[in-house]
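# Observations on chain architecture
Next come the chains, spelled out residue by residue.
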Amino acid sequence: AEFGKQWYQRRVRGKAEAAKELENWHAKQSDVLEKTKAANREAQEAFLRDNVEETKPGQQWERICRLCDFNPKNNRNSKDTARMKSIFLQLKQNPLVRA
């Protein structure tokens, strides 16, 4: 009988601790989510601000190259896009002239 009471008390304590930890976890996750939302909003506003600016002829490739990641260390698990990147850089340096 005594063992049953101790077991029950430990179980109740464990459930209370688990509920408290879960509540703390939810609070931390909501904080992280709010910070991420704010950062995404700021990034989107900056992106839209850059896109709203009038694009001068010959600067299209400059904008495209800004959006590309030219660091090969970050692209270990992705397809090889070296040819595409080199073409973008060539077009950035020597834009096509339309007649």
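Residues numbered from 1 in each chain as written. Predicted model: local features only at pLDDT ≥ 70, side-chain atom pairs only at ≥ 80, totals over all residues. Heavy atoms only, no water.

## Here we look at the overall build of the protein
The helix and strand inventory of the protein stands at 3 helices and 0 strands. Counting across all 99 residues of the protein, residues that qualify as buried make up 4%. Total accessible area on the protein is roughly 9,400 Å²; 54% of this is exposed by carbon and sulfur atoms. (Helix = DSSP H or I, 4+ residues; strand = E, 2+ residues; numbered from the N terminus. Buried < 20%, exposed > 50% of the residue type's maximum accessible area, 1.4 Å probe, protein only. Areas by Shrake-Rupley, 256 points an atom, 1.4 Å probe, with all protein chains shown as cover.)

## Section: the packing of helix α2 (residues 60–67) against helix α3 (residues 82–93)
It is at 8 Å that the axes of α2 and α3 come closest, and there the two elements cross at 145°. Both α2 and α3 take part in a crossing whose hand is left-handed. Contact residues: Trp-61, Glu-62, Ile-64 and Cys-65 in α2; Phe-88, Leu-89, Leu-91 and Lys-92 in α3. Grouping the amino acids of the contact of α2 with α3 by side-chain chemistry returns 6 nonpolar, no polar and 2 charged. (Axes fitted to C-alpha atoms, helices over the stretch in contact; angles between N-to-C directions. Left-handed = near helix turned anticlockwise from the far one by under 90°. Contact = heavy atoms within 4.5 Å. Nonpolar A, V, L, I, M, F, W, Y, C, P; charged D, E, K, R; others polar.)

## Details of a nonpolar patch on the surface
Residues Phe-3, Trp-7, Tyr-8 and Val-12 make up a contiguous nonpolar surface patch of about 470 Å² in total accessible area. Assignment of secondary structure puts Tyr-8 in helix α1 (residues 2–52). (Patch = residues over 30% accessible without salt bridge, like charges linked within 9 Å, V, L, I, M, F, W, Y side chains within 5 Å. Salt bridge = Lys/Arg side-chain N within 4 Å of Asp/Glu carboxyl O.)

## Re the confidence of the model for the protein
Put simply, the protein has an average pLDDT of 82, and 80% of its residues get 70 or more. The spread of mean pLDDT over the elements of the protein runs between α2, the lowest at 72, and α1, the highest at 92. (pLDDT = per-residue confidence, 0-100.)

## Notes on α3
An α-helix turns once every 3.6 residues. As a result, residues three or four positions apart point the same way. The end-to-end C-alpha distance of α3, which contains 12 residues, comes to 17 Å, matching closely the 16 Å that a straight helix rising 1.5 Å per residue would cover. Where α3 is concerned, the buried positions are Lys-85, Phe-88 and Leu-91. On an axial view of α3, the arc spanned by its buried residues comes to 125°, and they lie on one face. Every exposed residue of α3 that faces more than 90 degrees away from the buried side is listed here: Arg-83 and Gln-93. (Expected span 1.5 Å × (residues − 1). Arc of directions from axis to C-beta.)

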